[in-house]
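# Secondary and tertiary structure notes
Listed here are the chains, written in short residue letters.
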Amino acid sequence: RMILEKWLLEPFFARVVRGCFVRIGLQTEGQTLYRCAEVTGVQEFEDLPYMLGPRRTCKRLQLEFGESRQWYPMSSVSNQPFEELELISWQQVLEVNGRPVVSANQLKAKTAELHQAHNYAYSESDVTRRIQDERKSAAQAGKPATLTTRQKMQMQQQENAARPKKFQRNVLGQAIVAEHE
């Protein structure tokens with residue numbers, strides 16, 4: 001869950017999380033039952049926001065356990081490692097449903113993909129999208145959007161560019177640019 005919280009707004013989130021395995025906590029008869037489940041999808045449900053760490057989100061994970069596929073909030077994912085009994089139960093469910101167990105090559109490929117995500121290089125469009133997502137997340141939480149210094153400077157530059165300028169030189173010949181009234 002900590003990694004889900006950390007990567008929630010990342011541009012690679014939906015792509016990288018598919019195919020990962022999570023430990024999901026299910027409430028049954030007043031007890032929490034944990035299962036190993038595979039993430040098969042990510043989707044936003046705008047009408048069902050919830051808290052994931054310090055952020056409010058509408059994203060949910062589609063989790064598969066055997067023949068069952070359901071959408072769960074990421075807050076249901078456990079931070080604890082899988083227990084041996086949970087892995088055995090998951091393996092038995094795969095066998096009963098005639099599905100193959102994850103191969104070593106699949107694990108190696110997913111590990112490489114996760115490593116690549118840890119070292120992701122951001123583009124300008126990624127930064128812009130992240131800022132928009134942060135604002136959206138803040139608005140969903142009812143908080144005022146906080147701007148970074150870079151964002152404030154960009155907004156100020158855009159405002160200044162729209163205003164006409166008055167150009168003069170002082171007695172020393174230095175340029176003086178002032179806003180035209």
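What counts and what doesn't
Residues numbered from 1 in each chain as written. Predicted model: local features only at pLDDT ≥ 70, side-chain atom pairs only at ≥ 80, totals over all residues. Heavy atoms only, no water. Helix = DSSP H or I, 4+ residues; strand = E, 2+ residues; numbered from the N terminus. Buried < 20%, exposed > 50% of the residue type's maximum accessible area, 1.4 Å probe, protein only. Areas by Shrake-Rupley, 256 points an atom, 1.4 Å probe, with all protein chains shown as cover. Pairing = 2+ DSSP bridges. Axes fitted to C-alpha atoms, helices over the stretch in contact; angles between N-to-C directions. Contact = heavy atoms within 4.5 Å. Expected span 1.5 Å × (residues − 1). Arc of directions from axis to C-beta. Phe/Tyr/Trp six-rings, centres within 6.5 Å; stacked < 30°, edge-to-face > 60°.

## With respect to the overall build of the protein chain
- For the protein chain, the count of helices and strands is six helices and eight strands.
- When the elements of the protein chain are put in sequence order from the N terminus, they spell out α-α-β-β-β-β-β-β-α-α-α-α-β-β.
- Looking at the protein chain as a whole, 28% of its 181 residues qualify as buried.
- Approximately 12500 Å² of the protein chain is accessible, and the part contributed by carbon and sulfur atoms is 53%.

## Some points on the sheet that holds strand β1 (residues 21-28)
- Spatially, β1-β2-β5-β6 is the arrangement adopted by the four strands of the open sheet, whose pairing is antiparallel. Since the sheet does not close on itself, it has two edges, and those belong to β1 and β6 (68-73), each with one partner. Between one strand axis and the next, the sheet turns through 50 degrees on average, direction left out of account.
- Across six bridges, the pairing between strand β2 (residues 31-44) and strand β5 (residues 59-65) is antiparallel. Note that in β5 the partner of Val42 across the bridge is Leu61.
- Where helix α3 (residues 84-96) meets the sheet, its contacts fall on β1, β2 and β5, and the angle it forms with β2 comes to roughly 60 degrees.

## Some thoughts on α3
- With 13 residues, α3 should reach 18 Å at 1.5 Å per residue; the first-to-last C-alpha distance of 18 Å fits that figure.
- Every buried residue of α3 is accounted for by Glu86, Trp90, Val93 and Leu94. Seen end-on, α3 carries its buried residues on one side only, within an arc spanning 100 degrees. In α3, the exposed positions that point more than 90 degrees away from the buried face belong to Glu84, Leu85, Glu95 and Val96.

## Some details on the packing of aromatic side chains
- Counted by the stated rule, this structure contains five aromatic pairs.
- A centroid spacing of 5.1 Å and a plane angle of 55 degrees characterise the contact between Phe12 and Tyr120, whose relative ring orientation is tilted. Of this pair, Phe12 sits in the loop between α1 (2-7) and α2 (13-17) while Tyr120 sits in the loop between α4 (104-118) and α5 (124-140); the two residues are 108 residues apart in sequence, bridging distant segments of the chain.
- Looking at Tyr120, the relative accessible area reads 28%, which means it is partly exposed.

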